[in-house]
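Fold and contact review
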Amino acid sequence: MTYVIGDVHGEFDTLKALLNKFPDDSKLIFVGDLVDRGRKSKEVIDFVKDNNFLCVLGNHEKMMIDFLIEFEKIYPKFPSLNYHHRWINNGGKQTLFSYEIIKIDSDGKIICTKDDKKFKKLMEHFFWLKKLPLYLELPFKKNEKPIVVTHSCATDVWSKREKELIFEEEVLWSRKEPKADAKIFNIFGHSIQKEIDITKHFINVDTGCCYDKEGYGRLSAYCIEKDEVIYVNRI
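An account of the accompanying structure is given in this report. (Residues numbered from 1 in each chain as written. Predicted model: local features only at pLDDT ≥ 70, side-chain atom pairs only at ≥ 80, totals over all residues. Heavy atoms only, no water.)

A few points about the sheet that holds strand S11 (residues 228-233)
Taken together, five strands build an open sheet; the order of strands is S3-S2-S1-S10-S11 and the sheet is mixed. Two strands bound the open sheet, and with one partner strand each, they are strand S3 (54-55) and S11. With four bridges joining them, strand S1 (residues 2-5) and strand S2 (residues 27-30) adopt parallel strand pairing. For Thr-2, the partnering residue across the bridge sits in S2 and is Lys-27. Sheet strands touched by helix H1 (residues 12-19): S1, S2, strand S10 (218-223) and S11. Its angle to S11, the strand with the most contacts, is close to 135°. (Pairing = 2+ DSSP bridges. Helix = DSSP H or I, 4+ residues; strand = E, 2+ residues; numbered from the N terminus. Contact = heavy atoms within 4.5 Å. Axes fitted to C-alpha atoms, helices over the stretch in contact; angles between N-to-C directions.)

What follows is the structure, given as structure tokens:
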């Protein structure tokens, strides 16, 4: 069975609970946003990377990559937050804590722990993240359309996928709903929702695993062969 898994956001324990509902030989595909907000982003990346599971780039991985490009140059100093505050304040701080690469000093300022072994692990993940694709075109069809997995909706720019900058911006950040006349059947995440509707011409598998909001706080997966959704509540 092939399962497309929604935004995990560092909730590794919840991911493990979801995996317990799958057959042992299942093929897993992730829609990105493995990291941030939850407490175990490092463990999530280790799991996906070490098992060679398929995954597309999410906007949170993109922000992490941009931060680490600078961090690598100035380590063990910590980069200025003037440019990177968006990532740090949207879960990036929790991600860096998961690597035990930062701490908070007596003045409440983020500083680097200066642990070369842990920094090496962080950079190992950095180079893996940089290789993640923007889309995966699967060997399946739904409603006579090829199934394409992206982080966010890609239908409006599918014909522009060779124009990397335009395509990347859309598939990492767009919150548009796919048009009914789309050329692909798009499975994606990014925009949280309370329920997954598998009867439409697309499937959004992000049910807000990392959120405490009423009606959210679940991690979801869509089984392509069975055309069904599996949920678990956040642990």
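Examining the packing of aromatic side chains
Summed over the entire model, instances satisfying the criterion amount to 16 aromatic pairs. Here Phe-12 and Phe-47 contribute two aromatic rings whose centre-to-centre distance is 6.0 Å and whose plane-to-plane angle is 55°, an arrangement assigned as tilted. Here Phe-47 lies in helix H2 (residues 41-50) and Phe-12 lies in helix H1, a separation of 35 residues in the sequence. Phe-47 matches Phe-12 in its accessibility class, with the two residues each being buried. With 6.0 Å between their ring centres and 70° between their planes, Phe-71 and Tyr-75 make a pair best called edge-to-face. Among the residues examined, Tyr-75 registers a relative accessible area of 18% and is labelled buried. (Phe/Tyr/Trp six-rings, centres within 6.5 Å; stacked < 30°, edge-to-face > 60°. Buried < 20%, exposed > 50% of the residue type's maximum accessible area, 1.4 Å probe, protein only.)

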